[in-house]
Structure formats: C-alpha cells, structure tokens
Amino acid sequence: MKKIEAIIKPFKLEEVKDALVAAGIEGMTVSEVKGYGRQQGHSELYRGAEYVVEFIPKVKIEIVVSNEYYLNKALTAIRENAKTGKIGDGKIFVSEIIKTIRIRTDEEDEEAL
Amino acid sequence: MKKIEAIIKPFKLEEVKDALVAAGIEGMTVSEVKGYGRQQGHSELYRGAEYVVEFIPKVKIEIVVSNEYYLNKALTAIRENAKTGKIGDGKIFVSEIIKTIRIRTDEEDEEAL
Amino acid sequence: MKKIEAIIKPFKLEEVKDALVAAGIEGMTVSEVKGYGRQQGHSELYRGAEYVVEFIPKVKIEIVVSNEYYLNKALTAIRENAKTGKIGDGKIFVSEIIKTIRIRTDEEDEEAL
Amino acid sequence: MKFKFLSLFAVLVPMAAFAEDKLDSGNTAWMMISTALVLLMTPAGLALFYSGMTRSKNTLNTFAMVMGAFVLAMVLWIFAGYSIAFGASQNATLQNAVGGLGNIMLDGIKWTDLSGSYPTYIFVVFQGTFAAIAVAIASGSVIGRMKFSSWLIFVALWGLIVYAPIAHMVWGGKGALLFDAGALDFAGGTVVHMNGGLAGLVLAVLVGKRTGYLKTAMKPYSVLLAAVGAALLWFGWYGFNGGSAFGANAIAGLAVLTTTAGAAIGGAVWMLLEWIIFKKPTLLGIASGIVAGLVAITPAAGFVSVGGAFIIGAFGSIIAFLGVVWLKKKFGYDDSLDAFGIHFLAGLWGAIATGIFALEDKKLLWDGPLKESGNRMEQIFVQFESVVAVGLFTLIGTVIVYFIASALTGGARVDTRVEEIGLDETIHGEKAMNL
Amino acid sequence: MKFKFLSLFAVLVPMAAFAEDKLDSGNTAWMMISTALVLLMTPAGLALFYSGMTRSKNTLNTFAMVMGAFVLAMVLWIFAGYSIAFGASQNATLQNAVGGLGNIMLDGIKWTDLSGSYPTYIFVVFQGTFAAIAVAIASGSVIGRMKFSSWLIFVALWGLIVYAPIAHMVWGGKGALLFDAGALDFAGGTVVHMNGGLAGLVLAVLVGKRTGYLKTAMKPYSVLLAAVGAALLWFGWYGFNGGSAFGANAIAGLAVLTTTAGAAIGGAVWMLLEWIIFKKPTLLGIASGIVAGLVAITPAAGFVSVGGAFIIGAFGSIIAFLGVVWLKKKFGYDDSLDAFGIHFLAGLWGAIATGIFALEDKKLLWDGPLKESGNRMEQIFVQFESVVAVGLFTLIGTVIVYFIASALTGGARVDTRVEEIGLDETIHGEKAMNL
Amino acid sequence: MKFKFLSLFAVLVPMAAFAEDKLDSGNTAWMMISTALVLLMTPAGLALFYSGMTRSKNTLNTFAMVMGAFVLAMVLWIFAGYSIAFGASQNATLQNAVGGLGNIMLDGIKWTDLSGSYPTYIFVVFQGTFAAIAVAIASGSVIGRMKFSSWLIFVALWGLIVYAPIAHMVWGGKGALLFDAGALDFAGGTVVHMNGGLAGLVLAVLVGKRTGYLKTAMKPYSVLLAAVGAALLWFGWYGFNGGSAFGANAIAGLAVLTTTAGAAIGGAVWMLLEWIIFKKPTLLGIASGIVAGLVAITPAAGFVSVGGAFIIGAFGSIIAFLGVVWLKKKFGYDDSLDAFGIHFLAGLWGAIATGIFALEDKKLLWDGPLKESGNRMEQIFVQFESVVAVGLFTLIGTVIVYFIASALTGGARVDTRVEEIGLDETIHGEKAMNL
Ligand SMILES: Nc1ncnc2c1ncn2[C@@H]1O[C@H](COP(=O)(O)OP(=O)(O)O)[C@@H](O)[C@H]1O
Ligand SMILES: Nc1ncnc2c1ncn2[C@@H]1O[C@H](COP(=O)(O)OP(=O)(O)O)[C@@H](O)[C@H]1O
Ligand SMILES: Nc1ncnc2c1ncn2[C@@H]1O[C@H](COP(=O)(O)OP(=O)(O)O)[C@@H](O)[C@H]1O
C-alpha cells in the first residue's frame, strides 16, 4: 500500500477531489497547511508597517491506495487537476504504508481501503 | 520504529488519548483534518441555497512507537476506543520511521521516544 | 529521498525556517498541530471551573530532501534552532519517500525538489 | 415601574398639575430612546453574552434561541400579552391576576393616547422589551440540548401564561393581587430577572444536563464576544433602569447614577474574588460581575443612595459568584450559562436589599410600609412576600408550560447524536465560522 | 420625512402656533440621538450584517466598501449633496429636479438656524446618514469582485447625481417634481431602500457574477456577526423611522410601535418559511427577516395601525424571501448579499402597502389623494407612480454613473487572480483573522 | 465642558433667566443618553478597537485592561475623583489644583440637585465616563507586556492623582489654576486625549518594548472587530462632544455637525494617504482615520464652522498618520496601538487648531482672549500654554504613579516566558477563541 501526500493550491481542492472520486478513489483526508517555496508570499499592512507573509495557504491531501493501479490513477488525477502551470502548484510525495486498519470493521490492509 | 496515523471522530479524541496513556504511550501529536469517505456529509443552508459539506471534521493522531510491543498496544487502544460501529469511524495507517531525534536532549531513536 | 517531520514550539518557527533556508532547503510545508507529551499543559478558567488543557500548540514542519547531504543539513538546522533546552522542544522523525512529483512541471524525484 | 409612580412625577414638576395630560417632548424622547436601549439588550447584548459563552458547535443555536425568542415574544406581547398585563380590567375577580383581553392587538388604544406625558404606544413597546428579555434570559440555562421547536412553543406560552400575569399582579394597578402589598421593584428585579432566572433553572432541571457535563471541558466559543455582550447590556441598562422612571426627571438621574455604581463595583468585585480564589482574574469574570451588579441594582435603582448602590452591587456580585461557583457544583444542576446563578440570585438579593437600603424619602418611595409608616422591617417583609409569590407562580407556571411544550413536540430534548454533533449543524444547518 | 410634515407637528402642540421658531429641547434631543442611531446603522450595523455574510477572503473588503462609502458619501453630502437635495432653489425650472448649489459647504446656514424646533445642522447630518446608507446598501450586490477605486468613485458620483436629486424630487418642497404628487413615504422606503437596492442590482448585472457563482459553495464568514449587524440595524432603525417624525411626538411614538411590530413579525415569518420549506430555521434567516420587515415598514411607519404594521412586515418578509430564494435563481443574477432582494423588493412592497394600509387620519396623513378626498385607489396609484419614477431615475442614473466610474478606473472589475485570492489580501493587504 | 459655559445656555433660551434652577426634560434626556453613549465608548468601543489590533495571544488581556480599568476608575471617580475634580473648594490655595474632599462618596449632593437644568448626579456619571476613558486610552501603548496588577494599581492612582487634578485645573471653576487662562477645550481634547495619550507613551517607554518588536510581525487578531470598535466610538462620540454642550441646544447641534465632518474626513484622508503611499487602503486605516478625526475635532467641536471642522479633521488624520508611520519609527518607542500617535498628537493638533479656527461668535466662545478682545494670536498662545501645562503635569504625574505601581507589584513587566506564551493564557487563563 502506498500513501500519496499532495500539497496543492486551496482553490483546486474541489476539482482534484472530483477527479479522484471519478478515478475510483473513495477516501481521502485533507488538511490546511502553509507552504514555503519558490512562490513569493504576499505583503500585509498594519498601520504603515509592511511585512511579508512568507507562508502561503495550501491544502494537503492524503490518500492511501492499495496498489499500483490506483496509485497511478490517483497521481494522474492530481497532476491534471491541480496544475495551473504557475509557480506554487505544489508537490506530490509517495511513501510506503505497511498496515491499514478500518476502525469500524476491523478489516485490515487492502480490504480496509 | 513505526508511525501510526489514525483518523478518528473528533469527539472520540479524549477517550483514545486516555487509553493510549494508560497503555504507556506518552507522546502523540494531534491535528484537525477533514475527511472524505463513505460517510455522508451534511448539508448547510445559506439564504435558501442548500449545499452539501462533503468534508467531515476528523482528528488525526500521530504516534511514533519504538517497537512491536508498543505498536500493538497503541493499535488496540485506538481500535477499541475510537469505534462506534457507525460509518466514518476512520482508519489507521502504519508506516516505517528510520530515525527519531528528541530536540531537547539530542537523544536519538528508541531513546528519543 | 527522505521526509523530515519536525514537531517544534510555535515561536521557534521563524528561526528554524531561516536556518533551513540558509542551509539551502528551499521548500517546506508547515501545519498547526497540538502535542501531548511530558510537557505539562496549562489550566484554563471558566466561571470558576478550572480545566487542564493537555494538548499544547505545536508546529509541524515537513521537508522532503533528496539526499543525505541535505538531510543532515536540515536536521542540524532544526536541532540547533528549535532547541530551548526546556521540556516540550519536540521531536524529529525521518522516513522514506519513494516518489516525488512537482505538479507544475511534471518533474520527478530529485529534480522535483 | 408602577403606574402610580407617575404621580410622583407631578411632585417634581409642581407647576404642572395636569402634566399627565400633555405630551412632554423631553420625556417622550427619553422613553423612546429607553425603549431602543432595552431592545438592544436582547438580540445584541444578551445574544452575544450568551453565544460567546457557548461551545462553538452550539453558538448559533444559542443566538437563535435569544433572537427567535425575542421576535416571537414581541409579536405575542403586542397581540395579547400587553392586554393581559396592562389591559383595562373587565372584572374585579379577574383583575387580581390579569387585565383581560380588552386590548388584544392594542384594540382601543389610539396613537394620540398618552401614558402620563408620553404616548401609550411607547409604553407598550417599552414593556414589550421587558417581557421579551425575561424569557430570553431563561434560555441561558438550557442551551445545547433543547429542541428549537419546544423552545419556541415554550416562549410563546410562557410570555402569555407566566410573564403577563406576573407583570399584572405586580404592576397592574389597583386591585391586582400583589399591587397593594407595596413591594418596591423599581425596574423589574423580581418580574424580569428572578422570573427569567428561575424559569431557566426549571428548564435546566426538566430538560436535564448536557451530555458530558462536568466530565468534558466545555470551552466558550469567544469570551471576547461575551464581554462585548456585557458591555452592550450595560449600555442598554440605562434604558432599562433609567426608563423605568418614565420620564427624563431627577429619579431617572438617580437611577443612572446607581446603575453605574452597581455595575462598576459588581465588575470590580468579581474580578477581585477570582484573583484571590483562583489566582486568575478572567475577562469573563469581569463581564459576569458587571451583569450581576446590574441585576442586583435593578429593583433598587430609583430608591437608594450611591452608598446603597455600591453595597447592593458588590454583594450582588458576591452572591452570584457563589451561586455560579459553589451552589451549582453543590446541587449538580446544569445551569449552563448561569441564568439562575446570576439573574435569579442577584435579582433576589436586589429585591430584598431594596427594602434594606431604600432611602426614606417620600418623593422616591412608592406606597408601602416604608413610605406610609417608616417601618423598614415591614417593608423588608413585604419584599420577601413578593419574592415568594413571584417565585411560586413562576415555578408552577413554568413547569406547566414546559410540559405542554414538551408534549406538543414529542419531548423537549434533542437526541444524543444531535447533541454530539452540535445544534448549529443539525438544527440550523449553519456553522459559526468559515475561515 | 417631508418638510411640509412639520406643519403637522403644530397640530399636535396647538398652543404653539409659532412652535417652529423656537428650539424645543426634547425634539432637539430626539433628533440628535436619532442622527446618532442612523449613523450607527452603516459603519456598524450594515457593515457587520454584510461582512458576516461574505466569504472570509473578502470580508474586510466588504466592511471597507461600507465604511469607506460612508465616510466619503458623508463628506460629499455636507459639501454639496445637501445643497442639491435641500438647498434653496434659485430657479423654478431647476427646482423640479435639484435645489441648487446655493448651500455648498452649508454656506448660508447658521448654527442658530432652526428646522422647525431643532437646529438645521442636525437636519443636515440626519439627512446625510440617509444619503450615506443608501449607497452603502448597494455594495451588498457586488461584493467580492469590484475594484475598490471604481466603487469609491461610484459612491462619490452616485451620491450627488442619483441620490441627491431623488431626495430633492421627493422631499424637496413645493415645485419639486414628485413632491406635489402626494406620495406617502414616511422614512425613505423609496428614496433609500428601493433606490439603494436597485442600484445594487444594476451594479451586480454590469459588473457580472462572481467567479464560480452557483458552482462553488460561498460560505459566510460569520453568521453570528451578521446577526449582530441585524440587531444593530434594528436598534438604529428607531432613529431612522422615529426620527423621521422630526420630533419627540406622538407620531414618533406610532413609528416606534409599527417599526417594532414590522421587525418582529418579519423575523418570525422568515424563520417559519425556512422551517416549513427547508426543514431548518437558520439564524441568518431570522436576521434577514428582521431586516426585511424593517425595510417594508419604513415608508409606512407613521401612517399605519399596528395591524397594518404586522401585515406589511409579514408580507415584506415573504416577498423578500421569494426574491432571495426564487427570483434570484430564476433570473440568475448574482445579487450577492441580496441588497436588491431585500431592500428593493421589501421597499417596493412597503411603498405600495402604505397606500393600502394608511389610516384615514388627517393628523397623520400628508397631502395627497387619501387625505384630500379619502380616495384610496388614487393614493395607491400615486404610490405606484412615485415608485416607477424613482425606479427609472435610479436605473438610468446608476448605469451612467457606473460607466463613468468604470471608465475612470480602467474597468470596474478586479482580475480573476485577485478574485481567486480574495480582495482582502490583494486590495487591502489585510486578513480577516489571525488566530 | 466648562461650568461657566452654562450661562451661554441662558443666552439661547432668553425667556428663562432662571433656567438653571429648573429641570428641563429635554436637556435631562440628552445628558442621560450622552452619558450612556460615552459609557459605551470604553467597554465596547475602545475595548474592541484595541483588542482587535492586538495579537490573538494577548487580545483578552487587552480587553480586560480596558474593561477592568473602566470599572475600577468609575468606582474611584464616584468615591473620590469627582470630589477632587469638581468638589466644592474648601481652601483658596488648594482650589488652584483640586476641589477638595468635601464630596467624597458624593456626600452633600442630593438627588434633587441640579447642574443647570439637569440633575447633578447625571453630571457626576457623565464626567466619570470621561475620567475612565482617559486612562483606558493609555492602555493601548503598553499592551502585551504589563502585569495586570501593576496596571490596575496604576489606573486607581492615576485617576485620582493625575486625571482629577487636571480636570480641576482646567474645568474646576474660578480660582482653578488653568481656568482663568481662557483656553478653549470643548469636550476634552487636552484633558482626555492628550492626557491619556501621553500617559500611554510614558508607560510604553518605562515598561519597555515588547519582545521581538520590529523583528517579528505582530499580526492583529481581528481588524474587523477593530473597525466595529471604531464605529462604536464614532457613535458614542456624539455623547462625548454633543453632551459637552450640557443640553439639547443649538451648540450641541453644531457639535453634532462638526463631529460628523471631522470623523468622515479623517477616515477618508487616512484611506487616501495609505493608498498613495502604500498602494493599499486598509480597513484599519479607515477606522484609524475616523478615530483621529474624532480626537482632533473634540476640543473644537462647539467652536468652529463646518469648514474648520473639515480642516481640523483632515489634518488631525494626517498628523496622526505621520505619528504612527514616521515618528514612532524614527524614535523607536513601542507605542503598541498608537494611543500616543493618535490620541495625543491629534488631540494636540485639535487644541491648537481650536485657537486658529474658532469662530468669532460671542455666543459660542468661552471667556478668553478671542472673546474678550478678538485677539486670535493671543488665544492661540493660550492654547499652547494649556497644552504645555497639561502635558507637563501628566508627564510628571504619570512617571510618579508608574513607579509607585511598579514598586507595589515588584516590577510592572511580566517575565519573558509569560510574554512569549501570551497574557491571555498566563494571566487570565483564557483563550480568545475555541473553534
Ligand atoms: N522540499 C519540500 N518539502 C516539503 N514541501 C515542499 C517542499 N518543496 C515545496 N514544498 C511545498 O510545495 C509548495 C509549492 O512549492 P513552490 O516551490 O512554491 O512551487 P512549485 O511547486 O511550483 O515548485 C510549497 O508551498 C510547499 O508547501
Ligand atoms: N484511502 C484513504 N486515504 C486516506 N484517508 C482515508 C481513506 N479512506 C478513508 N479515509 C479517512 O477515513 C475517514 C473515514 O472513512 P469513511 O469511508 O467515511 O468511513 P469508515 O472509516 O467507517 O469506512 C474519512 O473521513 C477519511 O478521513
Ligand atoms: N511518540 C510520539 N509520537 C508523536 N509525537 C510525539 C511523540 N512524543 C512526543 N511527541 C510530540 O513532541 C512534543 C514534545 O514532547 P514532550 O514529551 O512534551 O517534550 P520533549 O520533546 O522535550 O521530550 C509533543 O507535544 C508531541 O507533539
């Protein structure tokens, strides 16, 4: 089993989610994160004091998939739908998962996904 | 060393935490996430416009344990206390950690946990 | 490729970020988490009812690096700058990443970092 | 807030024996702004005070309980409540308890009619804001677990069956049961605060505790908004107490002073108590003390000196503090936002204290033992009497109304799942904040 | 809010044939506090109501649109708007549409001058708060996509070119185009609410829909703050409607009563409609109903009985509800916060309903068919006439002003990237909340 | 706000040579509502304005500093402050600086006593709201690092030792040190704003900068709430300036107009400055400009024309802007929320500008060079004099009071750990928001 972690632009979440669901991925976990990278932050003003906000709001999607087939489908769905072509589109990281449990049913591994 | 990531229902956090502590797990990191899965989201209203909120608030617990003994104790604690038997109870994922450092003491690996 | 996850005290974020950038690490993702550990939580008051807030605000930094060189530079930067020597300084966990993609360019693995 | 009080005004403006027959623009301006001030207290002041203290998953429900109660109670007040409370009595026996239905929909009252020196229509709305806040206060004891439908039916019935008769019995003029007893209640310490606070406790007991009460920490959504609510309550209270002088006169001036003193000392005392006992003075504590001081001074506002006001406000704060911190724990009821602990207890204290500290000044006093014979002990006894009478009526009336409301809605309590998820999402389909 | 109305006051205070020449401290107090109350409605009431409903990324921009519009419109009102609307006419033909420029910077008005029985300077500011809220209302239709520069230029021009002439035509005294028609508009149902609401729709159509409209859920930042805004609007409305009696008199008392009734029933009705149709009564719904009820009763506040007020408020709420839930969907325009749906529609209904429900009481009525000949049908017709006239003028004027503002700022719409990120960050460099 | 001003009122109502002996209901209504309005400014207006600008970890502490200061200062004002400032003088030498202790606990003042045409008790509370806001303003300069205990002791002492004598010297009647100089300060530009603002700076310097000042970005918790606070301040300011005419008269009407003009132009100008200089007009900027305009017009409100008001408000905004953006940077002090930058600087400018722009109208002017001999240069010089005198007294008094407070609490500054974690958690055990 593999875990995909994708850092994307927040306003792309809806599209990516729809594409994932269309690709047969039925579960995912999403969180709000702040990214630092090549994309320039914006500056904020407070009574004449200007400061740069370097951390940019991003969304992290985590998906655990059971096999290569779904891994590839998920990667494609994310790549295609999160891309704007402009700096800051984000990154996808893949890692290994050695065990999965569905709490409700006590199913394990592939069955739990 | 293994990392456990458990996605659970928010109101179960307290019970799970207590069970983990009782099982000898002394450290954990928790974050607020939103889950998408089989559990239906609820609908919200805004001046007559009804929209479905598909992402459901969940809590993610991350625990790094030093060995199989604690891994099993932790998994049991979570399984038993996060379960309601109703859809949306969440998932547990286990993965490998290759190095751990306690920042305060510079201890490493098993000692750092 | 390795992924570093560091749980640190929130007010150390700025320093750690600067040190990482100085060490040549150009990208990272940050999120707000709550930690449970040896560090004692504080108590809050609500109309005479005192309750202990056991989860302490922490910041999690995630960095994926392409090789040992950057891994060590990053670890050093974090260790040195997140340390206060007082309980609750946090932990660093390292794990394996098997694939990285930069969404904007479709570059993969080392090139994507 | 008694009708007969109007005659006192004549004393102050002696050149106008017929003052009551002519509109006075200054008094009219004051009564209109007082009405607006008291109005603000509910959908802004109390709503913020309460919803700021509620858990974030129930905060909009709390606000809706207050705002929904207010609009409903106000509609029904105009429709029938006013007539029941202040309507022309049609029958001597009836007059003991209610005014009658002769002024349903304000029938028979013309826009040119005056109450003393200002239009009767203003009196109607001014009184309506009191009726509506009384029941809204009660919501504070049962937030987070009551069906919205049961609550609104309760509100509708309570306003007509409990509040209006009490208002009549106390303020309804000659022939009304408690009117002749001679109790001093300047601006509604018994009628509004004890009444609403006790109704709250009854609801809290009948509906039961929130799931997890005393086990899980129930964190307030926003203490800052609760404090803003308290500030708005203070502001509005100048209409509540000042307006109860029914004119821009010297008694109103006294009420402005005593109200300020009571609120300020109340806030300072609670802050100090927390500091001493818990080592931490909280913002919510300062705000709570201000409200407790205001409640306590309400029945006394136009009767006492500034020294009396300080004492009443300070002890009002202490008593409410004990109610919230000690009594509630001791008896274990879940008076969630302390409607009983603050409004009932400080109101009760204020009602008794009015007898103790009222100045012996015939121009200030209403008819009663103290005015008539300077008999303070008897006055205090009358205060007790009125407190007990109002308390009993509220108790019984609220229980009855609750069971009707509960029966009509198949039980007044939401099911556990709804409580767990929160009432904002389940009942209203809304969320406190979308960041 | 007509000048001639002042003569009615004399009727109420018959001993003062020369009442208009002497300052009355009660009326002056009431007009000052009314002015402060109406002021509060915009930078606090409307600003909270609107920014609470906006997405968090645009909420400060929404607040700034309201607050910025208010300060700018007020400066220009004092500078020239007042003169255009109420200035001494210098020319009979001109007088049809504008008062002239004779009182630029209030030239010629002394601090001792009176408007009836209170200082003219108070009248100037009181009217200024109406002018400023009218344009601020319009912002609700175009939040989240309009350049701040275009908006402010629009505000400046609209106040002088659209609002001031309309105010003149309706309230500008003898010789003004619509003045003699005899339309009843007690406190600005047509001049303020229809006017501002329609200007909003025009902007919404010309600027275009928000990106993603009807596709993505646009969640309100804080329904709680929106509800607080509605409560503050209700509070301020006592100045809006009560102050439009221009004195602390019996007509003001009537307005206080009808305003209360309209607001309360409006809130209750909207809550009920949502409950029946969507199974969920929302807090935003109660708040919206209150505002709709208030808008509807505005033109009628000093003319109708409490029964009329209930009917006008209830239907105002129903009509606004339909406007928001059905009409908007049907025609597909993006009237984002429903300035049109609530202010225009309820204002329109209120204007017509005033003709239907106005009491036949010569002391209340202004000159017009109903007063002169008791001809209600004709009065209703006159109400229609004035609605159409104001509507057309607003429509044409707003389109022209929009195109000027748009041309001066190189298009009135922000680019997509700005819209995507949000206007708070891009235009103001600020963030709603830093937790 | 001078006592002698009351005689002017007689000029306006010439038929009443003995007007001062009779209660006027209109004036009484106005003074009561003015009192309520000024009250609202502190625990709601200023508290929101300030805590909205503070970092989220210190926002409740900021609110508590304001609200706690308010209740404490008010209690002490009634207890002794009023007597020191306005008490009957017992000794000619003493009278130079203080009124004496003859009215401790308002001893000797009866509820029937009048101040001119309204009850003295109202005057007491009205003045109390001024005393309490003055010290609350100062908190803005030292938020985020001062012990709550030191702060409250400072508040208690400062009100009696610094504020009350200054109020006496300027407004304390014949024989008071600065009274005869003939300075014009309509509503407290020097006594309240300069005074509070300078006290703030002194505290900021003595307590020292916040850790990380100018290094870390200190993000405001909620600019939206700060803007709401500014709106409430504006609203309340009608009582502050309008009530300083001590009646519902034509001078109050003038103050309402100039206050509106000053606030509106102040907001517009600050917005423009930011737009030009930083390319981004912020909501906080509009709100800050409104407050700066209001501060600047305060001493001039009853003396200048609308043209003068525009100029004073505009330059008040510009000067405060420079103080905040440039002066603070140049000298490097940490005037955290700009109590000095806005209240002192705009108050200073307003005080001088009053001399420059006061109308030569004997009915408006107070005794002084301009009134007596039309000598404007001398009047401006007197304005300077009073500014310097008040400034020096505040400076010295505040330093002394600070050191006492600091000594009594073992240093006035919290330790670094507390500052790091935030004062909400450590001092109050509370958290701004629980989502
Ligand atoms: N090495 C990294 N480790 C973890 N997260 C990263 C890393 N590099 C980039 N990111 C995340 O990806 C986001 C986008 O990266 P950025 O360099 O701004 O643009 P791009 O993805 O177009 O190269 C960052 O905001 C950050 O959240
Ligand atoms: N494949 C997955 N990858 C990551 N998170 C998942 C995955 N599937 C489910 N989740 C998480 O688990 C939660 C519960 O899943 P759901 O399908 O709703 O119910 P259940 O756990 O009872 O099967 C989801 O809300 C989501 O946060
Ligand atoms: N086993 C663990 N798994 C995951 N996170 C941990 C673990 N132990 C500690 N942490 C995180 O590290 C933080 C600091 O740990 P703590 O025991 O308080 O102090 P220290 O790091 O000084 O030993 C915790 O708040 C928690 O977020």
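Residues numbered from 1 in each chain as written. Chains lettered and ligands numbered in written order. Predicted model: local features only at pLDDT ≥ 70, side-chain atom pairs only at ≥ 80, totals over all residues. Heavy atoms only, no water.

Chemist: Break down the overall build of chain D for me, with residues and values.
Modeler: Scanning chain D from N- to C-terminus turns up 15 helices and two strands. With the C-alpha coordinates aligned to their principal axes, the bounding extent of chain D is approximately 65 × 50 × 40 Å. A total of 435 residues make up chain D; the buried ones form 74% of that total. On chain D, roughly 11,400 Å² of surface is accessible, and the fraction owed to carbon and sulfur atoms is 68%. Separation between the mean location of the 25 positive side-chain charges and that of the 23 negative ones in chain D comes to 10 Å. (Helix = DSSP H or I, 4+ residues; strand = E, 2+ residues; numbered from the N terminus. Buried < 20%, exposed > 50% of the residue type's maximum accessible area, 1.4 Å probe, protein only. Areas by Shrake-Rupley, 256 points an atom, 1.4 Å probe, with all protein chains shown as cover. Lys, Arg positive; Asp, Glu negative; His and termini not counted. Charge placed at Lys NZ, Arg CZ, Asp CG, Glu CD.)

Chemist: Could you give an account of the environment of Ala264(F), with specific residues and numbers?
Modeler: If you trace the backbone, Ala264(F) turns up in helix α9 (residues 250-278). When its relative accessible area of 0% is taken as the criterion, Ala264(F) is described as buried. Sequence spacing of Ala264(F) and Tyr118(F) is 146 residues, and the spatial spacing of their C-alpha atoms is 31 Å. The contacts of Ala264(F), once residues within four sequence positions are left out, are Val71(E), Met74(E), Val75(E) and Trp234(F). (Contact = heavy atoms within 4.5 Å.)

Chemist: Hey, could you go over the site of ligand 3 for me, with residue numbers and the actual values?
Modeler: Surveying the vicinity of ligand 3 reveals 22 residues, the closest of which are Thr29(B), Arg102(B), Arg104(B), Arg38(C) and Gly88(C). The site occupied by ligand 3 is bordered by residues of chains B and C. Side-chain polar atom of Thr29(B) to an oxygen atom of ligand 3: 2.7 Å apart, as the coordinates give it. Between an oxygen atom of ligand 3 and a main-chain N or O atom of Arg38(C), the distance comes to 2.8 Å. Considering ligand 3 on its own, with 550 Å² of exposed area, one finds that the protein chains cover 97% of that surface. Those elements that provide at least two residues to the shell around ligand 3 are β2 (28-36) and β5 (56-65) of chain B together with β2 (28-36) and β6 (91-96) of chain C. The biggest single contributor to the shell around ligand 3 is β5(B), with three residues. Within the shell around ligand 3, the residues separate by chemical class into eight nonpolar, seven polar and seven charged. (Near = heavy atom within 4 Å. Polar contact = N/O pair within 3.5 Å; in protein donor to acceptor, adjacent residues only side chain to side chain. Nonpolar A, V, L, I, M, F, W, Y, C, P; charged D, E, K, R; others polar.)

Chemist: Describe the interface of chain F and chain E, listing the residues and the values that go with them.
Modeler: Each partner contributes residues to the interface: chain F has 56 residues there, and chain E has 51 residues. With both chains or domains summed, chain F and chain E bury close to 4,400 Å², and 83% of this area falls on carbon and sulfur atoms. Our count for the chain F to chain E interface comes out at zero salt bridges. Here chain F is connected to chain E by seven residue pairs in polar contact (both at pLDDT 80 or more). For the side of chain F that touches chain E, the per-class residue count stands at 40 nonpolar, eleven polar and five charged. (Buried area = accessible area lost by both parts, 1.4 Å probe. Salt bridge = Lys/Arg side-chain N within 4 Å of Asp/Glu carboxyl O.)

Chemist: How would you summarise the arrangement of the chains if you had to cite specific residues and measurements?
Modeler: Nothing in chain A touches chain D; the tightest C-alpha to C-alpha distance between them is still 11 Å. Separated without contact, chain B and chain F have their nearest C-alpha atoms at a distance of 11 Å.

Chemist: Give a description of the site of ligand 1 that names residues and reports values.
Modeler: In the neighbourhood of ligand 1, 22 residues make up the surrounding shell, with Arg38(A), Gly88(A), Thr29(C), Arg102(C) and Arg104(C) lying closest. At a separation of 3.4 Å, an oxygen atom of ligand 1 approaches a polar backbone atom of Tyr36(A). Contact between ligand 1 and Val64(C): a nitrogen atom at 2.9 Å from a main-chain N or O atom of the residue. For ligand 1, whose accessible area on its own is 550 Å², the fraction buried by protein is 97%. Partitioned by chemical class, the residues of the shell around ligand 1 number eight nonpolar, seven polar and seven charged.

Chemist: Give me the lowdown on the packing of aromatic side chains, citing residues and values where you can.
Modeler: Residue and element names in this part refer to chain E. For the structure on display, the rule yields 90 aromatic pairs over all chains. Ring geometry for Phe340 against Phe344: centres 4.8 Å apart, planes inclined by 10°, an arrangement best described as stacked. Placement of both Phe340 and Phe344 in helix α11 (residues 339-357) is noted, with a separation of four residues, approximately one turn of the helix. (Phe/Tyr/Trp six-rings, centres within 6.5 Å; stacked < 30°, edge-to-face > 60°.)

Chemist: An account of the environment of Asp367(D) is needed here, citing residue identities and associated values.
Modeler: Along the chain, Asp367(D) turns up in the loop between α11 (339-357) and α12 (369-373). We classify Asp367(D) as partly exposed; its relative accessible area is 36%.

Chemist: Describe in detail the interface of chain E and chain A, supporting the description with residues and values.
Modeler: Facing the six residues of chain E at the interface are five residues of chain A. For the chain E and chain A pair, buried surface summed over both sides reaches about 510 Å², with 53% attributable to carbon and sulfur atoms. Three residues stand out in chain E for area buried against chain A, namely Glu420(E), Glu425(E) and Gly429(E), and they jointly supply 64% of the buried area on that side. For the pair chain E and chain A, the number of links is zero salt bridges. Taken together, the connections running from chain E to chain A amount to two residue pairs in polar contact (both at pLDDT 80 or more). In terms of residue class, the side of chain E that touches chain A is built from no nonpolar, two polar and four charged.

Chemist: Describe in detail a nonpolar patch on the surface, supporting the description with residues and values.
Modeler: On the surface, a cluster of nonpolar side chains totalling about 630 Å² of accessible area is made up of Val388(D), Leu392(D), Leu395(D), Ile396(D), Ile400(D), Ile404(D) and Leu408(D). Residue placement: Leu408(D) occurs in helix α13 (residues 376-408). (Patch = residues over 30% accessible without salt bridge, like charges linked within 9 Å, V, L, I, M, F, W, Y side chains within 5 Å.)

Chemist: Tell me what's going on with helix α1 (residues 13-22) of chain B, and back it up with residues and numbers.
Modeler: Among the residues of α1(B), Leu13(B), Val16(B), Lys17(B), Ala19(B) and Leu20(B) are the ones counted as buried. End-on, the buried residues of α1(B) take up no more than an arc of 165°, which puts them together on one face. In the core, the buried residues of α1(B) are packed alongside β1 (2-8), β2, β5 and α2 (68-82) of chain B together with β2 of chain C. One or two positions beyond α1(B), positive phi appears at Gly24(B), with a value near 90°. (Arc of directions from axis to C-beta.)

Chemist: Which residues make up the pairing of strand β5 (residues 56-65) of chain C, and what values do they have?
Modeler: All names here are of chain C. With nine of ten residues buried, β5 lies mostly within the body of the structure. Sheet analysis places β2 next to β5, joined by seven bridges and oriented antiparallel. For Glu32, the partnering residue across the bridge sits in β5 and is Val59. (Pairing = 2+ DSSP bridges.)

Functional significance is not addressed by these values, which are geometric in nature.
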